[in-house]
Amino acid sequence: MMHLLSLSDWTREQVEDAVRLAALLKAGPAGYASALRGRILLMMFEKPSLRTRLSFEAAMLQTGGHAIHYDVGGSPLGKGKETLADTARTASRFVGAIMARLYRQSDLVEIARHATVPVINGLTDVEHPCQALGDLLTLRERRGHLAGLKVAFLGDGNNNVTHSLMDACSKTGVNFALACPESREYLPLPEVAERTRRAAAASGARMEVVHDPVEAAAGADAIYTDTWVSYHHGADQKAERTRMLEPFRVTAGVMARAKPDAVFLHCLPAERGAEVAAEVIDGPRSIVFDQAENRLHAQKAVLLRLLNPQYHPQRTPL
Ligand code: CP
Ligand code: NVA
């Protein structure tokens, strides 16, 4: 059974195939509107969402399927009345795939262990693979290729979006520079650093961790950042995290150190004036809404590869 729990579980070929398929799907090929006819996706949420919820639901509807939104907080699982295992076994009798946005990655792995249908990671505290696939699509459509590009991420290295972006870049030959505080708490998890070092050695990508945002931004094709206060952080952590991450704010000055045609990326939601200056995210180099749209196309590719591997799109004749 193929799942998408972590991009680190997928081969370079699987990642690149999904990105290629997503680009084709964006063009609206023949037969695509019924490629998932009659199929149902369960969407389990322990945390809020705009993009992930809407893009998965739209992806199912636009390919002829259906999606069920399930709030874990009000469920037997959330109330401590049912196990992850029984939830997964039961849901698998009703739906063709499960997408889950949870706190713990280990809970997602437990669901996948007991489900008899594919399971997709819609964000955990440590990974966000669907976001990273959409990001690769965004870079590829801007630059026409992936290998050899440079992405600079400024902010928290110990972050779900950062970890999955590191997986995505290291697999596909995209050079990656992280600028984050020196304190251990803000560095990528050691297992992510280690696996992406190995993936980069195989793909030819260069992975760097520095503590100077200007150094990371130098010559980059894209500057990327994410919120300083994630869904899983408490409001009481905001002041300290802001103090630590403030030097890594993406400003016009930082953007000026990247390539002249470099783009600004952010997974959203964003806080203007915190991780990014308003003039950058609302400026001409920001492509954050193209990036958000590409979640839809990338996730359609994932859903098709997991639920209808026979589907091969043909370009619709113009
Ligand atoms: N980028 C992202 O996953 O956004 P949501 O939290 O709105 O789903
Ligand atoms: N790091 C952010 C990503 C949101 C899509 C969070 O976990 O809240």
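For the structure itself, consult the block above.
Only a predicted model underlies this, so the values are computations on that prediction, with no experimental measurement involved.

Conventions we followed
Residues numbered from 1 in each chain as written. Chains lettered and ligands numbered in written order. Predicted model: local features only at pLDDT ≥ 70, side-chain atom pairs only at ≥ 80, totals over all residues. Heavy atoms only, no water. Core = buried A, V, L, I, M, F, W, Y, C linked by side-chain atoms within 4.5 Å. Buried < 20%, exposed > 50% of the residue type's maximum accessible area, 1.4 Å probe, protein only. Helix = DSSP H or I, 4+ residues; strand = E, 2+ residues; numbered from the N terminus. Contact = heavy atoms within 4.5 Å. Pairing = 2+ DSSP bridges. Salt bridge = Lys/Arg side-chain N within 4 Å of Asp/Glu carboxyl O. Axes fitted to C-alpha atoms, helices over the stretch in contact; angles between N-to-C directions. Phe/Tyr/Trp six-rings, centres within 6.5 Å; stacked < 30°, edge-to-face > 60°. Near = heavy atom within 4 Å. Polar contact = N/O pair within 3.5 Å; in protein donor to acceptor, adjacent residues only side chain to side chain. Areas by Shrake-Rupley, 256 points an atom, 1.4 Å probe, with all protein chains shown as cover. 1 Å grid on protein atoms, 1.4 Å probe; cavity = no way out; pocket = protein on both sides within 12 Å on 5 of 7 lines; lining within 4 Å. Sits in = over half its atoms within 2 Å of the grid points. Nonpolar A, V, L, I, M, F, W, Y, C, P; charged D, E, K, R; others polar. Points joined across faces, edges and corners; volume = space filled by probe spheres on them.

J.: Would you take a moment to explain the nonpolar core for this structure?
T.: Side chains that are nonpolar tend, in soluble globular proteins, to be buried together. Formed by 57 residues in total, the largest nonpolar core has its most connected members in Ile 120, Leu 133, Val 151 and Leu 303. It is helix H12 (residues 288-307) that contributes the most residues to this core, eight residues altogether. Those residues in contact with Leu 303 that sit more than four places away from it in its chain are Leu 36, Leu 41, Phe 56, Ala 59, Met 60, Ile 120 and Asn 308. Judged by nonpolar contacts, the second largest core, of 22 residues, contains Val 210, Ile 223, Val 254 and Val 280.

J.: How should the pairing of strand S9 (residues 263-266) be read in this particular structure?
T.: Strand residues, when the strand is regular, have side chains that alternate between the two faces of the sheet. The two faces of S9 match: Val 263 and Leu 265 on one face and Phe 264 and His 266 on the other face are all buried. Pairing of strand S8 (residues 222-225) with S9 involves four bridges; the strand directions are parallel. Note on S9: the bridge partner recorded for Ala 222 is Val 263.

J.: Looking at this structure, how should I read the pattern of salt bridges?
T.: Oppositely charged side chains can form a pair if their charged atoms are brought close together. In the structure shown here, the tally under the stated rule is 22 salt bridges. Note that Arg 12 is salt-bridged to Glu 16, the shortest N-O span being 2.9 Å. Pair noted here: Arg 12 and Glu 16 are both in helix H1 (residues 12-26), with a separation of four residues, about one helical turn. Assessed through its relative accessible area of 26%, Arg 12 is described here as partly exposed. With a relative accessible area of 24%, Glu 16 lands in the partly exposed category. Its salt-bridge partner being Arg 272, residue Asp 282 comes within 2.8 Å of it at the nearest N-O pair. Note that Asp 282 is positioned in the loop between helix H11 (278-281) and H12 and Arg 272 in the loop between S9 and H11, a separation of 10 residues in sequence. Classification of Asp 282 as partly exposed rests on a relative accessible area of 49%. The partly exposed category is assigned to Arg 272, whose relative accessible area is 42%. Through salt bridges with shared partners, one network takes in Arg 143, Asp 221, Lys 259 and Asp 261.

J.: Any chance you could explain the sheet that holds strand S5 (residues 150-154) here in plain terms?
T.: Strand pairs in the sheet, formed through backbone hydrogen bonds, run parallel or antiparallel to each other. Pairing is parallel in the open sheet, where five strands are placed in the order S7-S6-S5-S8-S9. Looking along the sheet, the strands with just one partner apiece sit at the ends: strand S7 (207-210) and S9. Strand-to-strand twist across the sheet, computed as the mean angle between neighbouring axes with direction ignored, equals 20 degrees. Two elements, S5 and strand S6 (residues 175-179), share five bridges in a ladder whose sense is parallel. For Leu 154, the partnering residue across the bridge sits in S6 and is Ala 179.

J.: What exactly am I supposed to notice about the environment of Ala 270 here?
T.: Tracing the sequence through the fold places Ala 270 in the loop between S9 and H11. Between the C-alpha atoms of Ala 270 and Leu 7, which are 263 residues apart in sequence, the distance is 24 Å. Dropping the residues within four chain positions of it, Ala 270 is found in contact with Glu 275 and Ile 281.

J.: Hey, could you run me through the packing of aromatic side chains in this one?
T.: How two aromatic rings sit relative to each other is given by the distance of their centres and the angle of their planes. Inspection of the entire model under this criterion finds one aromatic pair. When the ring of Phe 153 is compared with that of Tyr 224, the centres are 5.6 Å apart and the planes differ by 35 degrees; the resulting orientation is tilted. One end of the pair, Phe 153, is in strand S5; the other, Tyr 224, is in strand S8, with 71 residues separating them in the sequence. Looking at Phe 153, the relative accessible area reads 1%, which means it is buried.

J.: What should I look at first to understand the site of ligand 1 in this one?
T.: Within the structure, ligand 1 sits among Ser 49, Leu 50, Arg 51, Thr 52, Arg 101, His 128, Gln 131, Tyr 231, Cys 267, Leu 268 and Arg 295. In the environment of ligand 1, an oxygen atom lies 2.6 Å from a nitrogen or oxygen atom belonging to the side chain of Ser 49. Between an oxygen atom of ligand 1 and a side-chain N or O atom of Arg 101, the distance comes to 2.8 Å. Burial of ligand 1 by the protein amounts to 97% of the accessible area it has alone, namely 260 Å². Comparing atom positions with the cavity grids shows ligand 1 to sit within the largest pocket. Partitioned by chemical class, the residues of the shell around ligand 1 number four nonpolar, four polar and three charged.

J.: It is not clear to me how the layout of surface pockets should be interpreted in this structure. Could you clarify?
T.: Over the atoms rolls a probe the size of a water molecule, and its path tells where empty space is left. One number sums up the size of the largest pocket: a volume of about 240 Å³. Lining the largest pocket are 21 residues, and of these Asp 226, Tyr 231, Cys 267, Leu 268 and Pro 269 sit closest to its centre. Among the secondary structure elements, those contributing two or more residues to the lining of the largest pocket are helix H2 (51-62) and helix H6 (160-172). Here the residues of the lining of the largest pocket sort into eight nonpolar, eight polar and five charged. Taken as a whole, the second largest pocket spans an internal volume of roughly 190 Å³. Lining the second largest pocket, in full, are Leu 42, Met 44, Ile 68, Tyr 70, Pro 76, Leu 77, Glu 82, Thr 87, Thr 90, Ala 91, Phe 94 and Val 95.

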